[in-house]
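A closer look at the structure
As a plain string of letters, each chain reads:
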Amino acid sequence: MSEQEEPPGAATSQAMTSRALVLLGSALALATSGVVSFLVLVFWPVLAHLQGLTAGVVFGVIGYVLLVISTIAAANFMVIRRVRSGPVAMIGCGTLIVGTVIAFGLLIAVLAGSR
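Source: prediction; values computed, not measured.

1. Digging into the overall build of the protein
Scanning the protein from N- to C-terminus turns up 3 helices and 0 strands. Its helices and strands in sequence order give the protein the pattern α-α-α, from N to C terminus. Classification of the 115 residues of the protein by burial places 33% in the buried group. In the protein, once contacts between residues fewer than 6 apart in sequence are set aside, the share between residues at least 24 apart is 76%. Accessible surface for the protein amounts to roughly 7300 Å². Of this, 73% is attributable to carbon and sulfur atoms.

2. A few points about the nonpolar core
Ranked by internal contacts, the top residues of the largest apolar core, which has 18 residues, are Val-40, Trp-44, Tyr-64, Val-68, Leu-107 and Leu-111. Contributions of two or more residues to this core are made by helix H1 (10-47), helix H2 (55-81) and helix H3 (88-113). When residues of this core are assigned to their parent elements, the largest contribution, 7 residues, is made by H2. Not counting residues within four places of it along the chain, the set of residues in contact with Val-40 comprises Pro-45, Val-57, Val-61, Leu-107 and Leu-111.

3. Here's the deal with the environment of Ala-20
Assignment of secondary structure puts Ala-20 in helix H1. On the accessibility criterion, Ala-20 (43% relative accessible area) is partly exposed. Distance from Ala-20 to Val-79, taken between C-alpha atoms, is 9.9 Å for residues 59 residues apart in sequence.

4. Section: unusual backbone geometry
Even without being glycine, His-49 reaches a positive phi, approximately 55°. Mapped onto the elements of the fold, His-49 is located in the loop between H1 and H2.

5. What about the confidence of the model for the protein?
Confidence in the prediction for the protein averages 86 pLDDT; 87% of positions are at 70 or higher. Taken element by element, the predicted model of the protein shows its lowest mean pLDDT in H1 (89) and its highest in H2 (92).

6. Overview of a nonpolar patch on the surface
Among the surface-exposed residues, Val-35, Phe-38, Leu-39, Leu-41, Val-42, Phe-43, Leu-47 and Leu-53 lie close enough to one another that they form a single nonpolar patch of about 730 Å² accessible area. Topologically, Leu-41 is positioned in helix H1.

Reading the values: rules and limits
Residues numbered from 1 in each chain as written. Predicted model: local features only at pLDDT ≥ 70, side-chain atom pairs only at ≥ 80, totals over all residues. Heavy atoms only, no water. Helix = DSSP H or I, 4+ residues; strand = E, 2+ residues; numbered from the N terminus. Buried < 20%, exposed > 50% of the residue type's maximum accessible area, 1.4 Å probe, protein only. Contact = heavy atoms within 4.5 Å. Areas by Shrake-Rupley, 256 points an atom, 1.4 Å probe, with all protein chains shown as cover. Core = buried A, V, L, I, M, F, W, Y, C linked by side-chain atoms within 4.5 Å. pLDDT = per-residue confidence, 0-100. Patch = residues over 30% accessible without salt bridge, like charges linked within 9 Å, V, L, I, M, F, W, Y side chains within 5 Å. Salt bridge = Lys/Arg side-chain N within 4 Å of Asp/Glu carboxyl O.

The structure is reproduced here in structure tokens:
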């Protein structure tokens, strides 16, 4: 075996490591969505000087959580379907980052509209 060749199980090991990294990112995205939802539901009425929770805020939080969950599902589906180990972590984690940022931006837009 020359220096250029990889051991027989190296590609599988790299793919599994990449998948584990995406699963860790998925857990962090889900935990973050839970914390953000809690903070918005508890503190937004106080910060916006509202008498209580409005339907727009509640539906915005529900939409945010659903969008994050669908992003997690899409990222994990794409990672599971990848055969090569090259850009697996980049595709999965990139999907998680982009989806979470879009969901957070939409939540901010909903909250700004509910004031």
